[in-house]
Amino acid sequence: MIDPAASSRGDTPWIGDDPRFTELRAAYRRFVFPVTAAFLLWFLAYVLCSAYARGFMATKVVGSINVALVFGLLQFVSTFGIALAYGRFAARRLDPLAAALRSVAQSRPRVPAGRVGDQELQELTEKQA
């Protein structure tokens, strides 16, 4: 659990000092950073091909539908796919961690705004217990 004396925000306990919060942020970053990088590379490839590989992008696929149109539509498909994947990931991995943190945060004593010394924190904890 959190040691108020070791808090990075002074004398009051802070949710960011909880190891579960660190785990939540790490799990979020493990999903978001690689997916964002992959999507940006995919988008950059689309833009570069549109600018410099016009012959390739003008290649007909079916009827008057060319590679550029297919790639453009796949941008939308990949965006929605990422949104669905993130929703599933968040429900499976992030939401349980966030719920645990929420229950911890709601069970803590309410500390008034500003810095509270150890003695005052102890008194608040005893009052609310």
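See the structure shown above.
Residues numbered from 1 in each chain as written. Predicted model: local features only at pLDDT ≥ 70, side-chain atom pairs only at ≥ 80, totals over all residues. Heavy atoms only, no water.

**Student:** Honestly, the packing of aromatic side chains in this entry has me stumped. Any pointers?
**Tutor:** Tallied over the full model, the rule gives 6 aromatic pairs. With a centroid separation of 6.5 Å and an interplanar angle of 45°, the aromatic rings of Phe 43 and Tyr 46 are classed as tilted. Separated by 3 residues within a single helix, Phe 43 and Tyr 46 lie in helix α1 (residues 19-52), roughly one turn from each other. Overall, the relative accessible area of 39% leaves Phe 43 in the partly exposed class. (Phe/Tyr/Trp six-rings, centres within 6.5 Å; stacked < 30°, edge-to-face > 60°. Helix = DSSP H or I, 4+ residues; strand = E, 2+ residues; numbered from the N terminus. Buried < 20%, exposed > 50% of the residue type's maximum accessible area, 1.4 Å probe, protein only.)

**Student:** Would you mind going over the nonpolar core with me for this structure?
**Tutor:** As a rule of thumb, nonpolar side chains are buried together in soluble globular proteins. Listed in full, the 9 residues of the largest apolar core are Leu 24, Ala 27, Phe 31, Val 32, Phe 89, Ala 90, Leu 94, Leu 97 and Leu 101. Every element with two or more residues in this core is listed here: α1 and α3 (67-107). Not counting residues within four places of it along the chain, the set of residues in contact with Leu 101 comprises Ile 15, Asp 18, Arg 20, Phe 21 and Leu 24. (Core = buried A, V, L, I, M, F, W, Y, C linked by side-chain atoms within 4.5 Å. Contact = heavy atoms within 4.5 Å.)

**Student:** So what exactly am I meant to see when it comes to α3 here?
**Tutor:** The α-helix winds at 3.6 residues per turn, so residues separated by three or four positions along the chain end up facing the same way. Here α3 contains 41 residues, and its C-alpha end-to-end distance of 57 Å stays within 8% of the 60 Å for a straight helix at 1.5 Å per residue. At Ala 90, α3 shows its maximal bend, which comes to roughly 45°. Within the span of α3, buried status applies to Val 67, Gly 72, Gln 75, Ser 78, Phe 89, Ala 90, Leu 94, Leu 97, Leu 101 and Val 104. Packed against the buried residues of α3 are α1, α2 (54-57), β1 (60-62) and β2 (65-66). (Expected span 1.5 Å × (residues − 1). Bend = angle between axes of the 7 residues up to and from the residue.)

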